[in-house]
Amino acid sequence: MKTNSFKMFGSVKTMLRKYKDSHASKKTANKSANCVTNEQGDSDSGGNMKEFNEIGTDQNSKSEDSQPFVDVVVRKFPCPNMATFLVITLLIKVFVILPVIYLLHCFDLLNTHWPNDEFRRVLTDHSHSNPRKDNHYYHSVLYHPYNDSKQHLSELDDISKLPLPEPALPSQCSSIPNAMKFDCYPEEGSTEDKCKKRGCCWAPAGKSQTENSSLPLDVPYCFYPQGFGGYTVHNITHAPTGITAFLKRSFKSPYPNDVPMVKMVIMYGNEQQLRLKLYDPSSPRFEPPYPEVPSLQKAVPQKDYRVEVDTQTGGVKIIRDANNITIFNTQNVGALILADQFLQLSSLLPSRNVYGLGEHRSSLRLPLDWQRFVMFNHDTVPTENQNLYGSHPFYLVMEEEKNSHGVFLLNSNAMEVILQPAPAITFRTIGGVLDFFIFLGPTPSDVIRQYTDIVGRPYFPPYWGLGFHLCRFGLHSLNETKEVMNRNRHAGIPLDVQWNDLDYMDSSNDFTYDKKRFRGLPEFVDHLHKIGMHYVPIIDAGVSAGERPGSYPPFDEGLALGIFVKNTSGEPFIGKVWNRVSTVWPDFTHPQTVAYWLKQLHRLHWQVQFDGAWIDMNEPSNFYSGTSSGCPNNNLEHPPYVPAVNGGKLFYRTLCMSSIQHAGHHYNTHNLYGFSEAIVTSFALTEIRGRRPFVISRSTFAGHGHYAGHWSGDVYSDWHSMEMSIPQLLSFSLFGIPLMGTDICGFNGNTTVDLCQRWMQLGAFYPFSRNHNTDDGIPQDPAALGPAVIESSRKALLIRYSLLPYLYTLFWRAHAFGDTVARPLFIEFPDDPETYGIDKQFLWGPALMIVPVLKWGETFVTGYFPKSIWYNLHTLGPVTAKQQSWHDITAPLDTIPLFYRGGHIIPLQSPNMTTTASRKNPVELIVAKDEDGKATGSLYWDDGDSVNTYEDKKYSHVTFTLNESRLRGTVVWWGYDAPLMLGKVHVLGIGIPVRSVYVNQVAHSFSYNSGNQVVTTLHFLEDKKFGSSAQPEFFYSLGLNFIQQSYFSLWTVKYEENVILNTSYRNVMHLTS
């Protein structure tokens, strides 16, 4: 089978190649007199593991290019004689290393500042202590003790000798304002006695302190005193690449197994990025193997920030040099704690404008009134104050000075983040390390680009994936599926993708289809392809474990490979979801799972030629809490501290935390499960189809957008859920997951005609647009709800389809540069504080504003118009409302208010019933002038489905510029040779009557509407294809060559005042007034 090169940062294809190359290298090395040795070996199979970055398969493990590479290395660097090597090493130690160490001691540069344990480790540990590269990849007190038992006992002895904290003095407590009180007793059941034993302040606020996950947070009764401390600095080193410090624990924390010596490393990345990492240098701990973040540590001569470290406590300040604003400040803020299963760090914030911290349901700008955001992936109906399907420990701040910065914590363990009015933030996690990435922007767009530069740019979806999708749980047969699809097509609803929920499966088993109820499914899918449509089935994460042996290959083959998640006995972990008897879960961090998953999907695809995959239930969801008999009683299932997770325990309706995956215990990898499935599924689809993958996943983690999209899960069919879908959509844009949407008209419960009418209008502008609902609700596809919903849906979707060239170009920019697609207003207008809290309207890119109606029965909506000229999309006329103000907008029941922004040029196509048909229509341009008569825009165009069109330069990119009297198009790159036709061009905001229009110095027909001030050409090139000799001024003459500044003349407009407007596509015209 031909292998397709899927060029993605950190892609599974790259991981496979690494795995294959590493195995080929090991084989060659073993044949070369043991030139390469594995110091730690692979013997620790029960607890240690290799990085998932080396994921792969033993099948076809011989790489075409890895063996020659190894041969070259062996020939170029022959293995030296071992005796020679030992002699040279001894001489270096005796005559170089020992004298240097002696001199350092003599000059008091070594032993007075370095911690003894760290000095001994540096001298004796040759593993190049990068915990993410060690075979001892994670540490857990239950199953993975220290390698050096003496060291372990010594450190435990050191911990046991730590004193208790000193009681807080009244003077340390009395002056702390409520907003600055950091919670010292986040568990339930705090009392004055328990609080004071922690060395903290106690100040009841007149109500019960008993706290649980169902009660809102408030001012804590038990809080840290001023100067609480906890760690003291024992060494600090400044270097051009960053700062290193060692922090020694001063007294016991309330949590078991304090880290006695913390290593803090501040790494400079570039002018606007840095990394702050705190970890235990003596014991490797779990760190997420993906996203595969680039190294950030290099000398940066000119930085936009400076870092100040408190030489007593190790507190850190990061200051923006341009205005001396501190954007991250842990100095004397709360308490730094690093224990085995409790890690905490607090920081002051420079502003109350905070965004991100998903997945949750809340306003876009997060409330700071003692809000808790729990991150532990869980299957639950989206409501407020719940941990939902994904985890994204990233926040963005709009500062009071209108700059922006962001912070990302790379940690996959269960955690909670507290926002309080100071303003301040507290991170609490129950495993791993504290590994922060700080991005200084300075614009919010810059912050998102910097963040996605770390976690991976969004993937480029296929063009057809941007069409309208239709699905329902409860389509019990192929006939029902056809009926629903056909009635919508007959109603004139544009439709690109038909989906099936698990109804299509045989006994709800993955990789099967019911050959009775869905007889003819392969032929149906073939028919969809012939009419330009596509098909996406659901693939659940769990695999049936209750079938007769030999009758269900997905289980039999997975069992033989040993790729299922295991229990503490090493047997497959067994729970239950939709399967009739029982369920097991593939371990997507296991190298063999790539080949396994590819084989299962390929087997299904051989029968049914599906085009994408909908991966669901992958938090992972479980109908049991653990197994049918629960979970073992240990400190992974019941850690010393449990964040306020849904259900009150970590294993509630999911797997046991002590279950084992290749990458570590599920305690550490739970939040990565859906992400790892998305990575492997994306790779498998690329291999199977040889085209761009289309994957929609319910569970997500940081970096998910590099591989797949997301939908917001099982929302209720109500007006509130529709309204809250907008801030959730915009938050995922900040997380680098632009392909996102909500089940249009809702999933749970019954929608109504009024609700679905407005929701279809809004949903037409979700980047991922799908109508889907539950099996016990009424049918809610547009055609099922009558003429009002049909007309509104058709009208909104036809507008969407006309804008697809623009939307596709936005997705290209997201993939190439890290731009957002659906974006909050403050991204485009960071200088306007009024936009900071707006989340009932949003933008597509910079040029289109969507202002939906979100209340029942209303035929107007109040919208905010930032400073710009705005044009009504429906009339093309200018909006007369005052800029930078709120205005009521008329919104008939069948219409969603939409506005073009002045200063932008938007490419369009006349819509059709599928994207396949729409792509054949001529390209049109909307040219929306700004106050100065200028506008810019661009069009990215390729075949819409091939892999790596951008990376392989098989695309065309044209930019457009209007500058007062001249409209020009610049071909930046022309690598996609399929012809395009240019249709209409509309220029908005021309207030002067137009006398004539010229195309290539030839007069051409046009229309001018003085009422809405629009000039429109009349298909002046409808019979001319870009790239043909009949139209030499457009793309043809460029061929495949890169020309940066080629202008093509297109048309000229003469006003009564003899002003010339030249829209050009090449510098062959010289026009005069």
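Our subject is the structure that appears above.
The model shown is predicted, which means the values in this text are computed figures rather than measured ones.

Undergrad: Describe the sheet that holds strand β38 (residues 898-901), listing the residues and the values that go with them.
TA: Taking strand neighbours across the sheet as the criterion, the five strands line up as β32-β33-β34-β38-β36 in an open arrangement whose pairing is antiparallel. Since the sheet does not close on itself, it has two edges, and those belong to β32 (822-823) and β36 (870-872), each with one partner. Across two bridges, the pairing between β32 and strand β33 (residues 842-844) is antiparallel. Among the inter-strand pairings, Arg 823 is bridged to a residue of β33, identified as Leu 843.

Undergrad: Got a sec to walk through the packing of aromatic side chains? Specific residues and values, please.
TA: Applying the stated criterion across every chain yields a total of 49 aromatic pairs. Ring geometry for Phe 865 against Trp 870: centres 6.4 Å apart, planes inclined by 70 degrees, an arrangement best described as edge-to-face. In this structure Trp 870 comes out as buried when scored by relative accessible area, which is 3%. Among the aromatic residues, ring-to-ring pairing joins Phe 460, Tyr 463, Tyr 808, Trp 812, Phe 817, Tyr 940, Trp 941, Tyr 950 and Tyr 955 into one connected group.

Undergrad: Describe unusual backbone geometry, with residues and values.
TA: With omega at 0 degrees, the peptide bond leading from Ala 422 into Pro 423 counts as cis. Here the bond from Glu 619 into Pro 620 is cis, since omega is 0 degrees, no more than 30 degrees from zero. Position of Pro 620 among the secondary structure elements: in the loop between β24 (613-616) and β25 (660-661). Phi is positive for Asn 385, which is not a glycine, with a value near 60 degrees. Along the polypeptide, Asn 385 turns up in the loop between β13 (371-375) and β14 (390-398). Under the relative-accessibility criterion, Asn 385 is labelled exposed at 60%.

Undergrad: Report on the pattern of salt bridges, specifying residues and quantitative values.
TA: Scanning all chains against the criterion turns up 33 salt bridges. The residue Arg 306 makes a salt bridge to Asp 321 at a minimum N-O spacing of 2.8 Å. One end of the pair, Arg 306, is in strand β7 (residues 305-309); the other, Asp 321, is in the loop between β8 (316-320) and β9 (325-329), with 15 residues separating them in the sequence. In this structure, the salt-bridge partner of Arg 692 is Asp 942, at a minimum N-O distance of 3.2 Å. Of this pair, Arg 692 sits in the loop between α14 (673-689) and β27 (695-697) while Asp 942 sits in the loop between β41 (934-941) and β42 (956-963); the two residues are 250 residues apart in sequence, bridging distant segments of the chain. According to the relative accessible area criterion, Arg 692 is buried, its value standing at 3%. Beyond isolated ion pairs, a larger network of salt bridges with shared partners links Asp 379, Asp 616, Glu 619, Arg 698 and Asp 714.

Cut-offs used in this document
- Residues numbered from 1 in each chain as written.
- Predicted model: local features only at pLDDT ≥ 70, side-chain atom pairs only at ≥ 80, totals over all residues.
- Heavy atoms only, no water.
- Pairing = 2+ DSSP bridges.
- Helix = DSSP H or I, 4+ residues; strand = E, 2+ residues; numbered from the N terminus.
- Phe/Tyr/Trp six-rings, centres within 6.5 Å; stacked < 30°, edge-to-face > 60°.
- Buried < 20%, exposed > 50% of the residue type's maximum accessible area, 1.4 Å probe, protein only.
- Salt bridge = Lys/Arg side-chain N within 4 Å of Asp/Glu carboxyl O.

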